[in-house]
There are 2 protein chains.
Amino acid sequence: MPATPTSAKYTLRIRPQATLGVDKATGRIIGVTDNASQSAAELVGSWTGAPVSETEIEQVSLQADQFLMPGLIDTHTHAPQFTFLGIGHDLPLMDWLNKYTFKHESEFKDTDKAREFYSQVIDRTVRNGVTFAAYYGTIHLEANKILAETIRTKGQRAYVGKVCMDANSPDYYSESTEDSIEVTEDFIKHVLGDQAEHRLYGLPIQSHLCENPSEIEFAKSCFPECRSYAGIYDAFDLFTSRTIMAHCVHMSDEELALMRSRGVGVSHCPNSNFTLSSGIADVRRFIKEGIPVGLGTDVSGGYTPSMLDAMRMAAAANRALTALKRDRGDKLEGRDAVPLEAAEAVFLATQGGARVMGMDDELGSLEPGKLFDALVVDLSTPLSPVPSIASTPAQFVFLADDRNVAQVYVNGKQIHSST
Amino acid sequence: MPATPTSAKYTLRIRPQATLGVDKATGRIIGVTDNASQSAAELVGSWTGAPVSETEIEQVSLQADQFLMPGLIDTHTHAPQFTFLGIGHDLPLMDWLNKYTFKHESEFKDTDKAREFYSQVIDRTVRNGVTFAAYYGTIHLEANKILAETIRTKGQRAYVGKVCMDANSPDYYSESTEDSIEVTEDFIKHVLGDQAEHRLYGLPIQSHLCENPSEIEFAKSCFPECRSYAGIYDAFDLFTSRTIMAHCVHMSDEELALMRSRGVGVSHCPNSNFTLSSGIADVRRFIKEGIPVGLGTDVSGGYTPSMLDAMRMAAAANRALTALKRDRGDKLEGRDAVPLEAAEAVFLATQGGARVMGMDDELGSLEPGKLFDALVVDLSTPLSPVPSIASTPAQFVFLADDRNVAQVYVNGKQIHSST
């Protein structure tokens, strides 16, 4: 395997001639060695401290234009919204919700539709190299079960959130608070099985925060007793170290301080923020404030499930903001003076995402002890959009697409191969 | 052919069951008829006013998920810069020019390199559906001849501009004014042949304008006698109705008025403007001011030769600007209050581009009398990024890529087929 990027603080480590070992039983990485002169069996022995024979080992060699990287982590997307991918974006957020989102999502009361459609959705995100995603489902218990089962069958790693909605949505797509609690507990029990008893609460929470000004005004008007939009979530104990808040485009310093103190993570969704005219979130501000931040595609507020697009759009958003700050005379110092680099975008899509998802000890980089969620990227597939071997992550980030995702592994197991 | 979008003012006309006829001898469209009940021979007879037999006609039928659209027009790109596609964009414009552009472009004094490389470049832009491009070459006479010949051989339509540069570039990539004039005249004679005598001057001109603040300051400092950056070009008679100015991010009202009065067109390059932190050009402002505007990929200031990306990035740029104007309290009225739609992006990439290139009477839409430069788009190719048949142009614009460009025609002749 010619290149194995791992990480340091918002940078990438590229390891040009590394050998990496995975324990198939646990799905964990047992060792990484650069320029190894030993045999595979000797290497495995040195990593595990116990002798092993060649016959116990399955060896895979990468080709010249291939490299291994951590799997991509989509911290915010809506599985049912793949039905209207790419349409309706000439509408502002609130109109778009009413005209498209609620209408299309309500159709998932049809379990046959859920079964057929979610199968296509997961195939598509896996093909795009997403090893771990925070999916929203719909309001429906059965459709959410089908989504979770589809993910389990196809081997992807995911959080699946039941949509809970008892106000400000159409009658045909709403539930009572009591129903919502009951159905949500049913859903958790179904997914977690025997483990559910001890874990009904304290699970990850995902929602949206400060996406656009009219949404912010509306949220505040519903809870005039709260100091801020972020304060509403906090008042209801929804701001925890396992909470993921999407967008966070328009945040006060006070709100950011509250997020930091509660350990809430941000899912930065630049495509959606552009597409729905929400504004430009300042991703470097989150990083500087010590707030966990990863990337989200936010399908179908964002028009594509491609995490490579999310990386590119994160760069575009940061660079537009840098230019605007410069043009209005802000003094740009340190990292603020430098455009978001491709390596940082990769970091956000891997380790950043792992931290937002509360699994940075387990995922996000190819280090011994972590779970092996990884991609084999091939830059020389037929009609590859990458014209030559990338000497830096930049050509991969800015030019590659799903054609370059040759293999996808989750928990040490191959779940997709393009050939 | 199920859908044949043609145009009205910045909108698209979609013709779901149209038949279109092309005269192979001239490459011109002879007629378009919706829901025709006649035979092909009868239709051709009705368009030309003369009887014709079925055997004289070659008929092509499109499949259910295919449609025909005008070819894409890239109004600003640099053919030699495909060598460093996607890299170096963490640098500001001036540093990027010195570290990458001048160094890589100077290598085109090697004609073998030019021959091999330009062949790949044109294959790639054609595969992306570009039927007409304004290419920059390099400073070198021979490499520019090779670029022009490659384009002619492959059947694409193009303007090829020799780079003329006698100041503020490195010694190894500069020329004297006298040499520049002589070589440029040689190049024009070579390309135009017998036609050159009458057309040595009055040809299209392409350059860059108001891309970023430090470039603007530098340009003004070189010509303190001129009132503005745009005024410099005008002072040297370079502002004509055949002039294409790329970027135009930071324009004064006075400069826009000057452009309008001279008939100068704008190549809006949103990807490049994002990528190099140049800022956000206000494309609706150009339209409102009556200035011709098309889209450019600006490879490799922009990281991709995809005109679909240019459309998407034009939408992103407009929408970010709309949000910023809203957030700072601007009163948004009429079109300014509405995000740039997919149909407008298609218009900019076709008719808008044709007008900027001075060929809107001949190109940009599928109307009788115009030259047949067109694409067959196929939304259902294997692994198509478009998940379902597009009921509007939005899914095509936001989701498609080169995999969906099934056939490319220039001047009535097929120059590419993906099968």
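Residues numbered from 1 in each chain as written. Chains lettered and ligands numbered in written order. Predicted model: local features only at pLDDT ≥ 70, side-chain atom pairs only at ≥ 80, totals over all residues. Heavy atoms only, no water.

## Focus: helix H7 (residues 213-222) of chain B
Within an α-helix, residues lying three or four positions from one another point in the same direction, as the helix has 3.6 residues per turn.
Residue and element names in this part refer to chain B.
Here comes step 1: Every buried residue belonging to H7 is among Glu215, Ile216 and Ala219, and all of these are buried. Taken end-on, H7 shows its buried residues confined to a sector of 100°, consistent with a single buried face.
Here comes step 2: Check the buried side of H7 and you find it contacts helix H2 (93-106), strand S9 (205-209) and helix H8 (229-235).
Here comes step 3: Between a side-chain oxygen at the N-terminus of H7 and the backbone nitrogen of Ser214 the separation is 3.0 Å; the capping residue is Asn212. (Buried < 20%, exposed > 50% of the residue type's maximum accessible area, 1.4 Å probe, protein only. Helix = DSSP H or I, 4+ residues; strand = E, 2+ residues; numbered from the N terminus. Arc of directions from axis to C-beta. Contact = heavy atoms within 4.5 Å. Polar contact = N/O pair within 3.5 Å; in protein donor to acceptor, adjacent residues only side chain to side chain.)

## Thoughts on the relation of the copies chain B and chain A
Here comes step 1: Rotating chain B by 180° about the axis while translating it 0.0 Å along that axis superimposes it on chain A, leaving an RMSD of 0.0 Å. The transformation just described matches what one would write down for a two-fold rotation axis.
Here comes step 2: When the interface residues of chain B are mapped onto chain A, 100% of them are again interface residues, pointing to one common binding face. (Least-squares fit on C-alpha atoms with pLDDT ≥ 70 in both.)

## With respect to helix H2 (residues 93-106) of chain A
Residue and element names in this part refer to chain A.
Here comes step 1: For H2, the principal kink sits at Tyr100 and spans about 25°.
Here comes step 2: Listed as buried for H2 are Leu93, Trp96, Tyr100, Thr101, Phe102, His104, Glu105 and Ser106.
Here comes step 3: Among the structural elements, strand S6 (72-78) and helix H7 (213-222) are those in contact with the buried residues of H2. (Bend = angle between axes of the 7 residues up to and from the residue.)

## What about the pattern of salt bridges?
Where charged atoms from two side chains of opposite charge approach closely, those side chains can pair.
Here comes step 1: By the definition in use, this model includes 52 salt bridges over all chains.
Here comes step 2: Between A:Lys113 and A:Glu107 there is a salt bridge, with its nearest N and O atoms 2.8 Å apart.
Here comes step 3: By relative accessible area, A:Glu107 is classed as partly exposed at 30%.
Here comes step 4: Taking the shortest distance from any N to any O, the salt bridge between A:Arg227 and A:Glu254 comes out at 2.8 Å. With A:Arg227 in the loop between H7 and helix H8 (229-235) and A:Glu254 in helix H9 (residues 253-262), the pair connects residues that are 27 residues apart, well separated along the chain.
Here comes step 5: Each of A:Arg127, A:Asp401, A:Asp402, A:Arg403, B:Arg127, B:Asp401, B:Asp402 and B:Arg403 takes part in a single network of salt bridges with overlapping partners. (Salt bridge = Lys/Arg side-chain N within 4 Å of Asp/Glu carboxyl O.)

## Observations concerning the packing of helix H3 (residues 111-127) of chain B against helix H4 (residues 141-154) of chain B
Residues and elements named next belong to chain B.
Here comes step 1: At their nearest, the axes of H3 and H4 sit 9 Å apart, and the two run at 35° to each other. Classified by chirality, the crossing of H4 by H3 is right-handed. Along the contact surface, H3 presents Thr111, Ala114, Arg115, Tyr118, Ser119, Ile122 and Asp123, while H4 presents Glu142, Ala143, Ile146, Leu147, Thr150, Ile151 and Lys154. (Axes fitted to C-alpha atoms, helices over the stretch in contact; angles between N-to-C directions. Left-handed = near helix turned anticlockwise from the far one by under 90°.)

## As for the packing of aromatic side chains
Each aromatic ring pair is specified by the distance between its two centres and by the angle formed by the two planes.
Residues and elements named next belong to chain A.
Here comes step 1: The final tally for this structure, using the stated rule, is 25 aromatic pairs over all chains.
Here comes step 2: Ring geometry for Phe108 versus Phe117: centroids 5.9 Å apart, planes at 70°, classification edge-to-face.
Here comes step 3: Classification of Phe108 by relative accessible area gives buried; the value is 0%.
Here comes step 4: Residue Phe117 is classed as buried on the basis of its relative accessible area, which comes to 15%.
Here comes step 5: In this structure an aromatic cluster arises from ring pairing among Phe84, Trp96 and Tyr100. (Phe/Tyr/Trp six-rings, centres within 6.5 Å; stacked < 30°, edge-to-face > 60°.)

## Description of the domain arrangement of chain A
Residues and elements named next belong to chain A.
Here comes step 1: Domain parsing of chain A yields domain 1 (18-69 + 365-417) and domain 2 (71-357).
Here comes step 2: Relative to domain 2, the C-alpha centre of domain 1 lies at a distance of 29 Å.
Here comes step 3: Of the residues lining the interface, 23 residues belong to domain 1; the matching set on domain 2 comes to 21 residues.
Here comes step 4: A buried area of about 1,800 Å², summed over both sides, lies between domain 1 and domain 2, and 66% of it is on carbon and sulfur atoms.
Here comes step 5: When the buried area of domain 1 at its contact with domain 2 is split by residue, Val397, Phe398 and Asp402 rank highest and sum to 29% of it.
Here comes step 6: At the junction of domain 1 and domain 2, the tally comes to two salt bridges.
Here comes step 7: Across the pair Arg157 and Asp373 runs a salt bridge whose closest N-O atoms are separated by 2.7 Å.
Here comes step 8: At the level of elements, strand S13 (374-378), helix H14 (393-399), strand S14 (405-410) and strand S15 (413-417) are the ones that each hand at least two residues to the side of domain 1 that touches domain 2.
Here comes step 9: It is H14 that contributes the most residues to the side of domain 1 that touches domain 2, six residues altogether.
Here comes step 10: Its residues assigned to classes, the side of domain 1 that touches domain 2 shows 16 nonpolar, three polar and four charged. (Domains from an automatic or database assignment. Buried area = accessible area lost by both parts, 1.4 Å probe. Nonpolar A, V, L, I, M, F, W, Y, C, P; charged D, E, K, R; others polar.)

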